[in-house]
Amino acid sequence: MIEQEDAHGVHDYLDDARNQDVLISVNGDLKKRGEAVVSVFDSGYLLGDGVWEGLRVMNGGVAFLPEHFKRLYAGAKTIDMDIGLGREELTGRLMDCLKANGMRDGVHIRLMVTRGIKKTPYQGPRFTIGKATIVIIPEFKMPVPSVIDQGVSLFTVHVRRTGPAEQDQKLNSHSKLNCIMACIQADKAGADEALMLDPAGFVATCNSTHFFIVRDGEVWTSPPEYCLGGITRGNIIQVCREAGIPVFEKRFSLFDVYSADEAFITGTFAGVTPVREVDGRVIEHKDGPISRRVRELYKALQARSLTPIV
């Protein structure tokens, strides 16, 4: 197991001084970083009541924007929340924010929608006053190159991914305490990311990324019941199928993980990142041939997916 001070999560990024002057969109108003605030009565602050998306900007466009908005609006409908803007209007607000910051490449966006202001601190939606709160935070962010070069370490945590009876994992909500608890346990163990199991003990996903293994030329990932409907996850499955790489959504256990030929995690921010070890077991081929092939296929798909910044 690596030492704690050497741990580098997949979301570690290169510092960029330009982020000190970035303009943040708060309900359509562009605010300086230090002035971008929401009320202490906001539903997101009080209760974690909202949905969000992480988006990547590259080469003058936003990657997979329709797919991200589809998930955002589906989540809002699931929690019976009116975003208050149609997709074209929200796209326009996003583009206005990017243009105001002169952003066209190497940018990561956190787009957040909460139910809005409460007249008193209580969970009932009927106590909400006015419209949803929409915040767009764009930052110049590039992954730390050494994370890709060295690969990441995972630690299997006791915190499980729940089923739809508890909280449907397809919902990309602001309420992330189970993932945070998993992240804390992995941090304490000196690992970069937490590997989480489903209630039956099969592999589900990581605390902030999706998990894949390679065995005998096949790419495996867990079925969708206990993980977020990841945009990158879906695109990895797509490019594998298009390239003739056998890919399966199936249940598998830590036995299959520890003895895997390759393993990698995926996410909007860093794309495809190799895994070098899981619970102290060294993966046989860190960033092996199939992982590298999948990464290149995904990058090509990402480049074709861009919605131009206009």
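Per an unreviewed UniProt entry, the chain carries the name Probable branched-chain-amino-acid aminotransferase and comes from Hyphomonas hirschiana VP5. Reading the Sequence similarities (unreviewed entry) entry of the UniProt record for the chain gives the comment "Belongs to the class-IV pyridoxal-phosphate-dependent aminotransferase family."

What exactly am I supposed to notice about helix α3 (residues 87-100) here?
Residues spaced three or four apart along an α-helix point in a common direction, a consequence of the helix completing one turn every 3.6 residues. Spanning 14 residues, α3 covers 20 Å between terminal C-alpha atoms, matching the ideal 20 Å at 1.5 Å per step. Just downstream of α3 lies G102, where phi reads positive at about 65°.

Where do I start with the domain arrangement of the chain in this structure?
As a measure of interface size, the accessible area lost when the parts come together is often cited. Each assigned domain of the chain is listed here: domain 1 (17-140) and domain 2 (146-306). A separation of 26 Å is found between the C-alpha centroids of domain 1 and domain 2. Across the contact, 25 residues belong to domain 1 and 19 residues belong to domain 2. Taken over both partners, the interface formed by domain 1 and domain 2 buries close to 1800 Å², and the fraction arising from carbon and sulfur atoms is 64%. The largest contributions to the domain 1 side of the interface with domain 2 come from W52, F64 and R71, which together make up 39% of the buried area. Between the two partners, domain 1 and domain 2, sit zero salt bridges. Taken together, the links from domain 1 to domain 2 amount to eight residue pairs in polar contact (both at pLDDT 80 or more). It is strand β3 (residues 50-58) that provides the largest number of residues to the side of domain 1 that touches domain 2, a total of eight residues.

Help me understand helix α6 (residues 231-243) in this model?
With 13 residues, α6 should cover 18 Å at 1.5 Å per step; its first-to-last C-alpha distance of 18 Å lies within 8% of that length. Turning to α6, its buried residues are I231, T232, R233, N235, I236, I237, V239 and C240. Phi turns positive, to about 80°, at G244, one or two residues after α6.

How do you make sense of a nonpolar patch on the surface when you look at a structure like this?
Taken together, the side chains of L177, I180, M181 and I184 make up a nonpolar region of the molecular surface, amounting to roughly 390 Å² of accessible area. Tracing the backbone through its elements, the reader meets M181 in helix α5 (residues 177-188).

When you look at empty space enclosed by the protein in this model, what are you seeing that I'm missing?
Picture a little ball the size of a water molecule; that probe, rolled over the atoms, points out where space is still empty. Evaluated as defined, the whole model comprises two cavities of 30 Å³ or more. What the second largest cavity holds in volume is close to 40 Å³. Lining the second largest cavity are R56, A63, F64, H68, I231, T232, T268, Y298 and Q302. Looking at the lining of the second largest cavity, the elements that each hand over two or more residues are α6 and α8 (289-304). Residue composition of the lining of the second largest cavity, by class: four nonpolar, four polar and one charged. For the lining of the second largest cavity, the domains that each give at least three residues are domain 1 (17-140) and domain 2 (146-306).

Quick notes on the rules
Residues numbered from 1 in each chain as written. Predicted model: local features only at pLDDT ≥ 70, side-chain atom pairs only at ≥ 80, totals over all residues. Heavy atoms only, no water. UniProt positions renumbered as here; feature names shortened; annotations may be inferred. Helix = DSSP H or I, 4+ residues; strand = E, 2+ residues; numbered from the N terminus. Expected span 1.5 Å × (residues − 1). Domains from an automatic or database assignment. Contact = heavy atoms within 4.5 Å. Buried area = accessible area lost by both parts, 1.4 Å probe. Salt bridge = Lys/Arg side-chain N within 4 Å of Asp/Glu carboxyl O. Polar contact = N/O pair within 3.5 Å; in protein donor to acceptor, adjacent residues only side chain to side chain. Buried < 20%, exposed > 50% of the residue type's maximum accessible area, 1.4 Å probe, protein only. Patch = residues over 30% accessible without salt bridge, like charges linked within 9 Å, V, L, I, M, F, W, Y side chains within 5 Å. Areas by Shrake-Rupley, 256 points an atom, 1.4 Å probe, with all protein chains shown as cover. 1 Å grid on protein atoms, 1.4 Å probe; cavity = no way out; pocket = protein on both sides within 12 Å on 5 of 7 lines; lining within 4 Å. Points joined across faces, edges and corners; volume = space filled by probe spheres on them. Nonpolar A, V, L, I, M, F, W, Y, C, P; charged D, E, K, R; others polar.

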